[in-house]
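# Examining the three-dimensional arrangement
Residue-level listing of the chains:
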Amino acid sequence: MDLPEEFLSAARKARSCVVLTGAGISAESGLATFRGRDGLWRDRDPRDLATPEAFSRDPKLVWEWYQWRRQQLARSGPNPGHLAIAAMEGMFDSFLLATQNVDGLHQRAGSRRMVELHGNITRDRCTRCGKVVPEKADGGDELPKCGCGGLMRPDVVWFGEAVPAEALETAWEESGRAGIFLAVGTSGLVQPAASLPVIAKRGGAYLVEVNPEPTPLSEAADLAVRAAAGAAMPELLERIGLARGMQARAREINTKSRRCENGT
Ligand code: OAD
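If you're wondering where the values come from, they're calculated on a predicted model, not measured in any experiment.

The rules behind each value
Residues numbered from 1 in each chain as written. Predicted model: local features only at pLDDT ≥ 70, side-chain atom pairs only at ≥ 80, totals over all residues. Heavy atoms only, no water. Near = heavy atom within 4 Å. Polar contact = N/O pair within 3.5 Å; in protein donor to acceptor, adjacent residues only side chain to side chain. Nonpolar A, V, L, I, M, F, W, Y, C, P; charged D, E, K, R; others polar. Helix = DSSP H or I, 4+ residues; strand = E, 2+ residues; numbered from the N terminus. Buried < 20%, exposed > 50% of the residue type's maximum accessible area, 1.4 Å probe, protein only. Expected span 1.5 Å × (residues − 1). Phe/Tyr/Trp six-rings, centres within 6.5 Å; stacked < 30°, edge-to-face > 60°. Axes fitted to C-alpha atoms, helices over the stretch in contact; angles between N-to-C directions. Left-handed = near helix turned anticlockwise from the far one by under 90°. Contact = heavy atoms within 4.5 Å. Disulfide = S-S within 2.5 Å. Pairing = 2+ DSSP bridges. 1 Å grid on protein atoms, 1.4 Å probe; cavity = no way out; pocket = protein on both sides within 12 Å on 5 of 7 lines; lining within 4 Å. Points joined across faces, edges and corners; volume = space filled by probe spheres on them.

### A word on the site of the ligand
- The full set close to the ligand counts 22 residues, and Ala23, Phe34, Arg35, Thr186 and Ser187 are the nearest of them.
- In the environment of the ligand, an oxygen atom lies 3.2 Å from a nitrogen or oxygen atom belonging to the backbone of Gln100.
- Here Gly185 contributes a backbone N or O atom positioned 3.2 Å from an oxygen atom of the ligand.
- Partitioned by chemical class, the residues of the shell around the ligand number 10 nonpolar, 9 polar and 3 charged.

Structure follows, in structure tokens:
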């Protein structure tokens, strides 16, 4: 991968790094993205499945869709892109991963310094008392209930709902002072996540986009890596490691991730 000197210089100097991820980072784990050719929203209307109104109207239909996605998730695992991002957090004084994904694959890859902007599909939340619990096994026709008697829902953010305030505030703050910002596998179409790269750029960050396709973020990007995240992120990790004198660590992680890719 040919990388400009400006990238290497930004990677060397940056004290802080923010990575924003979207569905594209999990595509190589076998999970469909939302938009695009095989996207989840191609033949489904988000208004029927991912809004509080849809849930009030037909909780069973919404639950079926989420249980189906949980089944897909149970069969998948983190890919080298997730692992490279997890390894990156040890390379900067300050690091934040802000993900729009609800699949928990970043945590399974080892990411810790992170915020979930859209919640997590592996948790349930009570619509009455707000209690959050790990997902329950699929109860078939029986909809999941809380101890208080309230109906449980997936602990995700639906269209028309607010992103968790604390997560968003942290992401805004860290983006504003980032030296380097990577937007990975996101169409950049959904707010407020889409504003994070803009805030970072305004604050002086070197902005990198990793996406096989151009997006509305591309124009502002200092560097667009037109490649799949699973291939590009391990390489970027290695180059960042090299720039920061941590190549041994980057290589060790990448060897591990290649082993995981081969299923060993
Ligand atoms: P999208 O489905 O909108 O966009 C996925 C992006 O990933 C596209 O730009 C693809 O080109 C890119 N992509 C596909 N394969 C890739 C790969 N292997 N490596 C890197 N990039 C790849 O997903 P998001 O941007 O995450 O919200 O969508 C944002 C939000 O819209 C989601 O969190 C969800 C959705 O509706 C809610 O559910 C609230």
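### Topic: the environment of Ala27
- When you line up the elements, Ala27 lands in the loop between strand E1 (16–21) and helix H2 (46–49).
- Ala27 sits in the partly exposed class, given a relative accessible area of 36%.

### Here's the deal with helix H9 (residues 229–243)
- With 15 residues, H9 extends 20 Å between its outermost C-alpha atoms, agreeing within 8% with the 21 Å of an ideal straight helix rising 1.5 Å per residue.
- Within H9 the residues assigned to the buried category are Ala229, Gly230, Ala232, Met233, Pro234, Leu236, Leu237, Ile240, Gly241 and Ala243.
- One or two steps after H9, the chain reaches Gly245, where phi turns positive at roughly 70°.

### Structural notes on the packing of aromatic side chains
- Counted by the stated rule, this structure contains 7 aromatic pairs.
- Taking the centre distance of 5.4 Å and the plane angle of 35° together, the rings of Phe34 and Trp41 count as tilted.
- Judged by its relative accessible area of 24%, Phe34 is partly exposed.
- We classify Trp41 as buried; its relative accessible area is 16%.

### Focus: the packing of helix H1 (residues 5–13) against H9
- For the pair H1 and H9, the least separation of the axes is 8 Å and the interaxial angle reads 65°. For the crossing formed where H1 meets H9, the hand is right-handed. Where H1 abuts H9, its residues Phe7, Leu8, Ala11 and Arg12 lie against Leu236, Arg239, Ile240 and Ala243.

### A short note on the side chain of Thr99
- With respect to the helices and strands, the residue Thr99 is situated in strand E2 (residues 94–99).
- In this structure the side chain of Thr99 is engaged in a polar contact, spanning 2.7 Å, whose partner is the side chain of Thr21.
- If sequence neighbours within four positions are ignored, Thr99 has contacts with Thr21, His106, Met114, Val115, Glu116, Leu117 and His118.

### Focus: helix H5 (residues 80–88)
- Along H5, 9 of the 9 residues are buried, which leaves the element largely enclosed by surrounding structure.
- For H5, the N-terminal capping position is held by Asn79, with its side-chain oxygen 2.7 Å away from the main-chain nitrogen of Gly81.

### Some thoughts on the state of the cysteines
- Tallied over the entire structure, the rule returns 0 disulfides.
- Cysteine Cys129 shares no disulfide, and the gap to the nearest cysteine sulfur, in Cys146, comes to 3.7 Å.
- In this model Cys146 remains outside any disulfide bridge; the closest cysteine sulfur is found in Cys126, 3.7 Å from its own.

### A word on the sheet that holds strand E4 (residues 119–126)
- Pairing is antiparallel in the open sheet, where 3 strands are placed in the order E5-E4-E6. Only two strands of the sheet have a single neighbouring strand rather than two, namely strand E5 (132–134) and strand E6 (152–156). When the angles between neighbouring strand axes are averaged without regard to direction, this sheet yields 45°.
- In this sheet, E6 lies alongside E4 in antiparallel orientation, the contact comprising 5 bridges. Its bridge partner lying in E6, Gly119 is registered against Val156.

### Let's talk about empty space enclosed by the protein
- Counted according to the given criterion, the structure contains 1 cavity of 30 Å³ or more.
- Considering only enclosed or pocket space, the largest cavity measures out at about 30 Å³ in volume.
- Every residue along the wall of the largest cavity is listed here: Leu20, Gln100, Thr186, Ser187, Gly188, Leu189, Val190, Ala193 and Ala194.

Keep in mind that these numbers describe shape and distance, not what the molecule does.
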